[in-house]
Amino acid sequence: MKRPFLTATCCAAGLLMLGIGGAAFPAAAQMPAPVADSAIVADTWLRPAVEAEFRDQPDLLAVYAARGFQPLWIREDGGATEGGAALLAALSDAPRHALPADRYARALASAGAQSQAAVRELTLTRAFLDYARDISSGLLTPRAVDRDMALRPQRPEPAALLAGMSAAADPARYIEALAPADAEYTALVARMAELRRLASQPGSWGPTVDEGPTLREGSTGSRVLQLRARLTALGDHGRVTQGLVEARAEGTVIVAANDVTTDAVRSDAAKPAADPSVFDAALAEAVRRFQRRHGLNEDGAVGPATRAQLNLSPAFRADQIAVNLERIRWLNRDLGRSHIMVNIAGFSMRVMDDGREIFQSRVVVGTKRHQTPEFSDEMDHLVINPTWFVPRSIAVNEFLPKLREDPGYLERRGYVLKGADPWAVDWESVTPSTFPGTIRQVPGEENALGRVKFMFPNDYSIYLHDTPQRHLFARDLRAYSHGCVRVEKPQELAHLLLSYQEADPAGAFQRWLDSGRERYVTLEEHLPVHITYRTAWVGDAGLDQFRGDIYGRDEKVMAALRKVGVALAGG
């Protein structure tokens with residue numbers, strides 16, 4: 001039975017009208033009903049201050065007016081209301097979410113004397129609005145950090161937030177619900193707290209592995225001992241006793257709290273090595289397990305890439321999680337009931353449908369020079385047997401040197417030069433500014449876009465597509481494109497997308513493919529596409545997953561978070 005992709009629910013659409021996102025924010029209640037004059041106790045002391053504070057923000061003034069200028073946070077005697085106590089507790093707890101305590105310090109330190117009650121009320125209102133914005137949609141503006149981080153966080157409307165708080169039956173619950181409801185966010189918050197605790201305990205992850213030749217099964221020596229101890233402390237090797245991972249190396253016991261694995265189901269957990277300085281099969285399997293969690297090729301050998309990831313500290317991993325909490329907040333909105341999620345740093349993509357993963361594939365992304373940007377858009381059509389219109393930058397920088405050596409290069413590779421005869425051009429005299437005509441590549445097996453491309457028109461000319469360079473998908477670091485995203489399983493993805501509008505999606509796709517002609521296929525329902533850069537998450541069975549910072553964006557976000565006052569574990 002065909003079911004169209006849905007990009008938003010009616011409920012989400014209603015919340016969007018309030019400017020507070022989809023299901024990401026607590027239900028903002030309607031403006032509270034006006035309070036009868038006889039019941040307005042606060043009018044005499046709070047109203048003048050509120051009217052002065054919000055003279056240029058009538059929507060916020062209206063929230064207070066609707067509640068008869070009764071305070072949200074502070075009683076007239078200076079004591080905290082239920083909402084005030086809940087807010088102060090949340091502000092104190094802000095560092096647990098990698099938010100800056102100093103940003104809310106004024107509210108926490110505000111005086112509680114009766115004469116200062118109005119000032120404190122308004123200080124807490126401003127703090128609430130700052131905190132609600134920060135925890136629900138992020139501290140930073142992504143593009144101000146890096147121009148290729150082109151995500152647009154959906155900022156909540158202050159009046160809607162304040163009205164929701166005013167009407168909340170349970171203030172603490174309302175404030176708690178401002179954070180992303182994503183289970184992954186909650187798991188990462190807990191994991192960051194654990195890593196920060198480990199960071200305060202020197203040696204909690206055991207020794208680092210010294211530089212040297214690649215370690216593999218059969219290697220021996222002190223570096224194998226270091227590796228064994230490190231992997232055990234990380235939870236990828238060894239045995240668990242009462243929740244602690246215990247490692248022994250040269251008589252030294254290294255104990256680290258780490259719940260990332262369940263040793264009860266592991267065959268190597270209860271089998272100590274006959275000689276711990278020998279790299280045995282169990283240690284090789286532990287290395288593969290570590291490599292799997294870090295997106296590395298699972299060869300069981302410890303070369304420079306694996307050793308670099310092994311030697312990163314708990315403090316660095318905690319800070320990496322802090323960065324990814326901020327990224328989750330940037331996308332804390334209705335992503336679409338069905339949507340595509342591309343993870344640049346993970347070299348992967350998924351199709352999600354009603355919270356379930358229904359498709360996944362490896363991908364190749366842009367090089368460091370030609371970085372794939374982060375943004376969201378909507379896929380609206382496919383092109384089967386696509387023509388590749390070669391961008392001028394590629395024609396000038398890559399094709400021109402080849403044409404100088406061989407004017408027949410284009411013809412042999414299935415390219416057509418429009419506007420000039422390649423055999424009649426003196427390519428030695430051509431410069432980037434005088435490059436003649438345009439180049440396109442006809443459909444076929446050798447076409448750089450493969451046999452299908454997936455289009456979501458955007459400002460960056462980025463799309464998903466097939467590729468004839470299949471060998472690149474076997475590599476662990478897959479940053480080889482000019483920015484577009486190459487998909488390992490493009491035909492399977494096409495079948496899935498067409499299944500929502502074709503009775504026989506595979507058959508229809510094959511007919512169009514076999515025709516050899518370029519064909520545009522409009523998707524009856526547009527599909528949201530989110531191109532992200534996630535370097536830390538908690539995966540299946542609670543296993544930590546980390547990825548390398550291929551474009552240096554983690555480093556930039558860490559610096560920006562420090563600048564706004566976030567206390568990172570790495571300093």
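Summary of the structure given here. Note that the coordinates shown come from a computational prediction; the quantities given were computed from them, not determined experimentally.

1. So, the nonpolar core
The nonpolar side chains of a soluble globular protein tend to be buried, and buried together. Grouped together as the largest cluster of nonpolar side chains are 84 residues, with contacts concentrated most on Tyr64, Trp73, Phe128, Tyr131, Ile175, Leu227 and Phe279. Residues in contact with Phe128, not counting those within four places in the same chain, are Trp73, Leu87, Leu161, Leu162, Met165, Tyr174, Ile175 and Leu178. By size, the runner-up hydrophobic cluster in this structure holds 61 residues, among which are Val351, Trp388, Phe435 and Leu493.

2. Thoughts on the layout of surface pockets
Here the second largest pocket defines a volume of roughly 1000 Å³. Forming the boundary of the second largest pocket are 43 residues, of which Trp388, Pro391, Ile394, Ser481 and His482 lie nearest the centre. Put simply, the parts of the chain that give the lining of the second largest pocket at least two residues each are strand S8 (388–389), helix H15 (392–405), strand S11 (452–455) and strand S13 (479–481). The biggest single contributor to the lining of the second largest pocket is H15, with five residues. Grouping the amino acids of the lining of the second largest pocket by side-chain chemistry returns 20 nonpolar, 13 polar and 10 charged.

3. Observations concerning the pairing of strand S15 (residues 519–532)
With four bridges connecting them, strand S4 (residues 338–343) and S15 associate as parallel partners. Paired with Val342 across the two strands is Ile531, which belongs to S15. Across nine bridges, the pairing between strand S7 (residues 375–384) and S15 is antiparallel. Across the sheet, His381 pairs through a bridge with Thr522, a residue of S15.

4. What about the sheet that holds S8?
With antiparallel pairing, three strands are arranged side by side in an open sheet as S8-S10-S9. Edge positions in the sheet fall to S8 and strand S9 (415–418), since each has one partner strand and no second. Across four bridges, the pairing between S9 and strand S10 (residues 438–441) is antiparallel. Opposite Tyr415, over in S10, you have Gln441 as the bridge partner.

5. Digging into unusual backbone geometry
Phi at Phe69 is positive, roughly 60 degrees, even though this residue is not glycine. Relative to the assigned elements, Phe69 resides in the loop between helix H3 (58–66) and helix H4 (82–92). The backbone phi angle of Asp354 is positive, close to 55 degrees, even though this residue is not glycine. Tracing the backbone shows Asp354 in the loop between strand S5 (348–353) and strand S6 (356–366).

6. Quick notes on the side chain of Thr125
Checked against the element boundaries, Thr125 lands in helix H6 (residues 117–137). Reaching out from Thr125, the side chain makes a polar contact with the side chain of Tyr64 at a distance of 2.7 Å. Leave out the neighbours within four places in its chain, and Thr125 touches Phe54, Tyr64, Trp73 and Leu162.

7. Some thoughts on the packing of helix H17 (residues 490–498) against helix H18 (residues 505–515)
Remark: H17 packs on H18, axes separated minimally by 8 Å, with the N-to-C direction vectors making an angle of 120 degrees. What the angle tells us is that H17 and H18 run oblique. Remark: the crossing between H17 and H18 carries right-handed chirality. Counted together, Gln491, Ala494, His495 and Leu498 of H17 and Pro505, Ala506, Phe509, Gln510, Trp512 and Leu513 of H18 form the full contact between these two elements. Taken together, the residues of the contact of H17 with H18 sort by class into seven nonpolar, three polar and no charged.

8. A few points about the pattern of salt bridges
Counted according to the given criterion, the structure contains 26 salt bridges. A salt bridge links Glu194 to Arg197; its shortest N-O distance comes to 2.9 Å. Separated by three residues within a single helix, Glu194 and Arg197 lie in helix H10 (residues 183–199), roughly one turn from each other. With its nearest N and O atoms 2.6 Å apart, the salt bridge here joins Arg412 to Asp406. What makes Arg412 exposed here is its relative accessible area of 58%. Via salt bridges that share partners, Arg103, Asp130, Arg133 and Asp134 belong to a single interconnected network.

9. Focus on the pairing of S4
Among the six residues of S4, six are classified as buried, and the element is accordingly described as predominantly covered. Here S4 shows no split at all, with Ser338, Ile340 and Val342 on one side and His339, Met341 and Asn343 on the other all buried. Here S4 pairs with S5 via six bridges, running antiparallel. Counterpart to Val342 in the pairing with S5 is Met349. Remark: four residues form the turn of the hairpin made by S4 and S5, two consecutive strands paired antiparallel; Phe347 in that turn has positive phi of roughly 50 degrees.

Calculation rules
Residues numbered from 1 in each chain as written. Predicted model: local features only at pLDDT ≥ 70, side-chain atom pairs only at ≥ 80, totals over all residues. Heavy atoms only, no water. Core = buried A, V, L, I, M, F, W, Y, C linked by side-chain atoms within 4.5 Å. Buried < 20%, exposed > 50% of the residue type's maximum accessible area, 1.4 Å probe, protein only. Contact = heavy atoms within 4.5 Å. 1 Å grid on protein atoms, 1.4 Å probe; cavity = no way out; pocket = protein on both sides within 12 Å on 5 of 7 lines; lining within 4 Å. Points joined across faces, edges and corners; volume = space filled by probe spheres on them. Helix = DSSP H or I, 4+ residues; strand = E, 2+ residues; numbered from the N terminus. Nonpolar A, V, L, I, M, F, W, Y, C, P; charged D, E, K, R; others polar. Pairing = 2+ DSSP bridges. Polar contact = N/O pair within 3.5 Å; in protein donor to acceptor, adjacent residues only side chain to side chain. Axes fitted to C-alpha atoms, helices over the stretch in contact; angles between N-to-C directions. Parallel < 35°, antiparallel > 145°, perpendicular 65-115°, else oblique. Left-handed = near helix turned anticlockwise from the far one by under 90°. Salt bridge = Lys/Arg side-chain N within 4 Å of Asp/Glu carboxyl O.

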